[in-house]
Amino acid sequence: TTAEIAIGATLLPIFIGSLAAYAFAWLDFPGRDWLFILVIALLVVPLQMALIPIFSLYNRVGIYDTVIGLILFHTAFGLPFAIFLLRNFFIGIPKDLLESARIDGASEIYIFLRIILPLGLPAIASLAIFQFLWTWNDLLVALTLARSTQPITVAIFSQLRTFGSNIEIIAPATFVSLVIPLAVFFAFQRYFVQCLLAGSVK
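Residues numbered from 1 in each chain as written. Predicted model: local features only at pLDDT ≥ 70, side-chain atom pairs only at ≥ 80, totals over all residues. Heavy atoms only, no water.

1. Side note on the overall build of the protein chain
- When helices and strands are tallied, the protein chain shows 11 helices and 0 strands.
- Mapped from its N terminus to its C terminus, the protein chain presents α and β elements in the order α-α-α-α-α-α-α-α-α-α-α.
- Considering the protein chain as a whole, with its 202 residues, one finds that 41% of them fall into the buried category.
- Of the contacts formed within the protein chain by residues at least 6 apart in sequence, a portion of 77% connects residues at least 24 apart. (Helix = DSSP H or I, 4+ residues; strand = E, 2+ residues; numbered from the N terminus. Buried < 20%, exposed > 50% of the residue type's maximum accessible area, 1.4 Å probe, protein only. Contact = heavy atoms within 4.5 Å.)

2. Structural notes on the pattern of salt bridges
- Across all of its chains, the model carries 3 salt bridges by this definition.
- A salt bridge links Glu108 to Arg102; the shortest N-O distance between them is 2.9 Å.
- The partly exposed category is assigned to Glu108, whose relative accessible area is 30%.
- A relative accessible area of 31% places Arg102 in the partly exposed class. (Salt bridge = Lys/Arg side-chain N within 4 Å of Asp/Glu carboxyl O.)

3. What to know about the packing of helix H1 (residues 2–26) against helix H2 (residues 32–42)
- Where H1 contacts H2, the axes come no closer than 10 Å and their chain directions differ by 135 degrees. When the interaxial angle is binned, H1 and H2 end up oblique. The handedness of the crossing between H1 and H2 comes out as left-handed. Each of Ala23, Phe24 and Ala25 in H1 lies in contact with H2, whose residues at this interface are Arg32, Leu35, Phe36 and Val39.
- Residues of the contact of H1 with H2, tallied by class, amount to 6 nonpolar, no polar and 1 charged. (Axes fitted to C-alpha atoms, helices over the stretch in contact; angles between N-to-C directions. Parallel < 35°, antiparallel > 145°, perpendicular 65-115°, else oblique. Left-handed = near helix turned anticlockwise from the far one by under 90°. Nonpolar A, V, L, I, M, F, W, Y, C, P; charged D, E, K, R; others polar.)

4. Let's talk about the packing of H1 against helix H4 (residues 67–90)
- Relative orientation of the contacting elements H1 and H4 amounts to 35 degrees, with a least axis distance of 6 Å. With respect to the hand of their crossing, H1 and H4 are arranged in right-handed fashion.
- Among the residues making up the contact of H1 with H4, the classes are represented as 21 nonpolar, 5 polar and 2 charged.

5. With respect to the nonpolar core
- Counting residues in each nonpolar core, the largest one holds 22 residues, and the members touching the most others are Tyr22, Trp26, Leu86, Phe90, Leu98, Ile111 and Ile116.
- For Phe90, the residues in contact, after removing those within four places along its chain, are Ser18, Ala21, Tyr22, Ala25, Trp26, Ile116 and Gly120.
- In terms of nonpolar packing, the next biggest core, distinct from the first, is built from 11 residues, Ile5, Leu51, Tyr58 and Phe73 among them. (Core = buried A, V, L, I, M, F, W, Y, C linked by side-chain atoms within 4.5 Å.)

6. Concerning the packing of aromatic side chains
- Summed over the entire model, instances satisfying the criterion amount to 8 aromatic pairs.
- The lysine or arginine in question, Arg87, covers the ring of Phe36, its NZ or CZ lying 4.3 Å from the ring centre. (Phe/Tyr/Trp six-rings, centres within 6.5 Å; stacked < 30°, edge-to-face > 60°. Lys NZ or Arg CZ within 6 Å of the ring centre and 35° of its normal.)

7. Thoughts on a nonpolar patch on the surface
- Residues Leu35, Leu38, Ile40, Leu42, Leu43, Val44, Val45, Met49, Phe81 and Phe130 make up a contiguous nonpolar surface patch of roughly 870 Å² in combined accessible area.
- Structurally, the position occupied by Ile40 is in helix H2. (Patch = residues over 30% accessible without salt bridge, like charges linked within 9 Å, V, L, I, M, F, W, Y side chains within 5 Å. Areas by Shrake-Rupley, 256 points an atom, 1.4 Å probe, with all protein chains shown as cover.)

Geometric values such as these leave the question of function open.
The structure is reproduced here in structure tokens:
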């Protein structure tokens with residue numbers, strides 16, 4: 001369950017955020033700057049203030065205590081940062097590359113898939129690390145919006161309330177909850193460093 005939530009809540013913001021970031025960076029449409037300001041403003045909205053309204057909404061639509069519900073919540077709160085990070089990286093890609101592709105007859109979808117995404121891989125990998133770690137280590141959202149659908153953090157929290165009798169469960173669960181995020185970080189570490197250094201050397 002934890003892996004489903006973490007992977008789903010990582011891939012969905014990357015997919016939607018990369019499309020939106022490309023639009024904000026390289027497409028000219030009415031209200032673009034104002035919409036991007038709105039995205040930046042959403043970065044400061046605290047997650048806690050949405051828990052009770054989302055809890056009521058999920059009850060009404062029937063997705064409370066489901067993997068889909070948790071993925072959608074993490075996606076909604078991960079998208080502003082995803083769009084902000086990817087847009088700032090995409091806008092640093094040389095404009096001549098895109099203009100040359102358009103002159104050769106390339107469509108916007110082709111440019112996005114064959115130019116923007118490969119060149120933006122360091123930023124996408126960095127976003128994947130941040131989003132995966134945030135979702136994997138989440139406790140508050142899972143406690144509020146789930147009951148039987150328990151990520152590993154909630155399971156460990158539940159066992160800690162009866163500490164002493166379940167130490168044989170807590171120890172391996174804690175080890176797994178630590179090892180997997182570390183493995184993800186080290187797997188994408190090279191791209192993460194590239195993203196941090198992007199633009200520092202001309």
